[in-house]
Amino acid sequence: LADTTMPRLLADIRGLLQNLPDRRKAPRVPYDGPLFLYPVDEDGAVFPTVSARGVDISPTGLCCQPDGRLHSRYVYVEFPRIPK
């Protein structure tokens, strides 16, 4: 019984949790490139760099997967593939 009931139950729960429309202000485009994240605290102190992998990007937001834990609320992002 669990083999048939559990997948259906999980699909129902997933549908309930993802019931909001996409609230992004601008369309995002895929960006599968490396990133460097520089965590910054409220006083401007910079913590050690965390590397990350981009997922998508837009003029109003960025989604990435960091390789480590970020210990601040703010980050400065460097795109190493884009020349300075």
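A.B. asks: Looking at this structure, I do not really get the overall build of the chain. What am I missing?
C.D. replies: Per the secondary structure count, the chain includes one helix and five strands. Helices and strands in the chain line up, N terminus first, as α-β-β-β-β-β. For the chain, the spread of C-alpha atoms along the principal axes amounts to about 55 × 25 × 25 Å. Within the chain, buried positions represent 18% of all 84 residues. For the chain, the exposed area adds up to about 7000 Å²; of that, 57% sits on carbon and sulfur atoms. Charged side chains of the chain number 11 positive and 10 negative; the gap between the two group centres comes to 5 Å.

A.B. asks: Whenever I open this one, the nonpolar core confuses me. Can you help?
C.D. replies: Side chains of a nonpolar character, in soluble globular proteins, are inclined to be buried together. Tyr31, Leu35, Leu37, Val50 and Ala52 form the largest nonpolar core, which has five residues in total. Where this core is concerned, the elements lending two or more residues are β2 (34-40) and β3 (50-58). In this view, Tyr31 contacts Gly54, Val55, Asp56, Ile57, Phe79 and Arg81; residues no more than four positions away in its chain are not counted.

A.B. asks: Would you mind showing me how to read the packing of aromatic side chains here?
C.D. replies: Two descriptors summarise a pair of aromatic rings, namely the distance from one centre to the other and the angle between the planes of the rings. By the definition in use, this model includes two aromatic pairs. Centroid distance Tyr31 to Phe79: 5.6 Å. Interplanar angle 75 degrees. Geometry classified as edge-to-face. Here Tyr31, found in the loop between β1 (29-30) and β2, pairs with Phe79, found in the segment after β5 (74-78); they are 48 residues apart in sequence, far enough to count as distant. Under the relative-accessibility criterion, Phe79 is labelled partly exposed at 22%. Summarising the aromatic geometry, the rings of Tyr38 and Tyr76 are spaced 5.9 Å apart at their centres and angled 50 degrees between planes, so their arrangement reads as tilted. Taken together, the residues span a long stretch of sequence, with Tyr38 in strand β2 and Tyr76 in strand β5 at a distance of 38 residues. Its relative accessible area of 22% is what places Tyr38 among the partly exposed residues. A relative accessible area of 53% places Tyr76 in the exposed class.

Definitions and limits used
- Residues numbered from 1 in each chain as written.
- Predicted model: local features only at pLDDT ≥ 70, side-chain atom pairs only at ≥ 80, totals over all residues.
- Heavy atoms only, no water.
- Helix = DSSP H or I, 4+ residues; strand = E, 2+ residues; numbered from the N terminus.
- Buried < 20%, exposed > 50% of the residue type's maximum accessible area, 1.4 Å probe, protein only.
- Areas by Shrake-Rupley, 256 points an atom, 1.4 Å probe, with all protein chains shown as cover.
- Lys, Arg positive; Asp, Glu negative; His and termini not counted.
- Charge placed at Lys NZ, Arg CZ, Asp CG, Glu CD.
- Core = buried A, V, L, I, M, F, W, Y, C linked by side-chain atoms within 4.5 Å.
- Contact = heavy atoms within 4.5 Å.
- Phe/Tyr/Trp six-rings, centres within 6.5 Å; stacked < 30°, edge-to-face > 60°.

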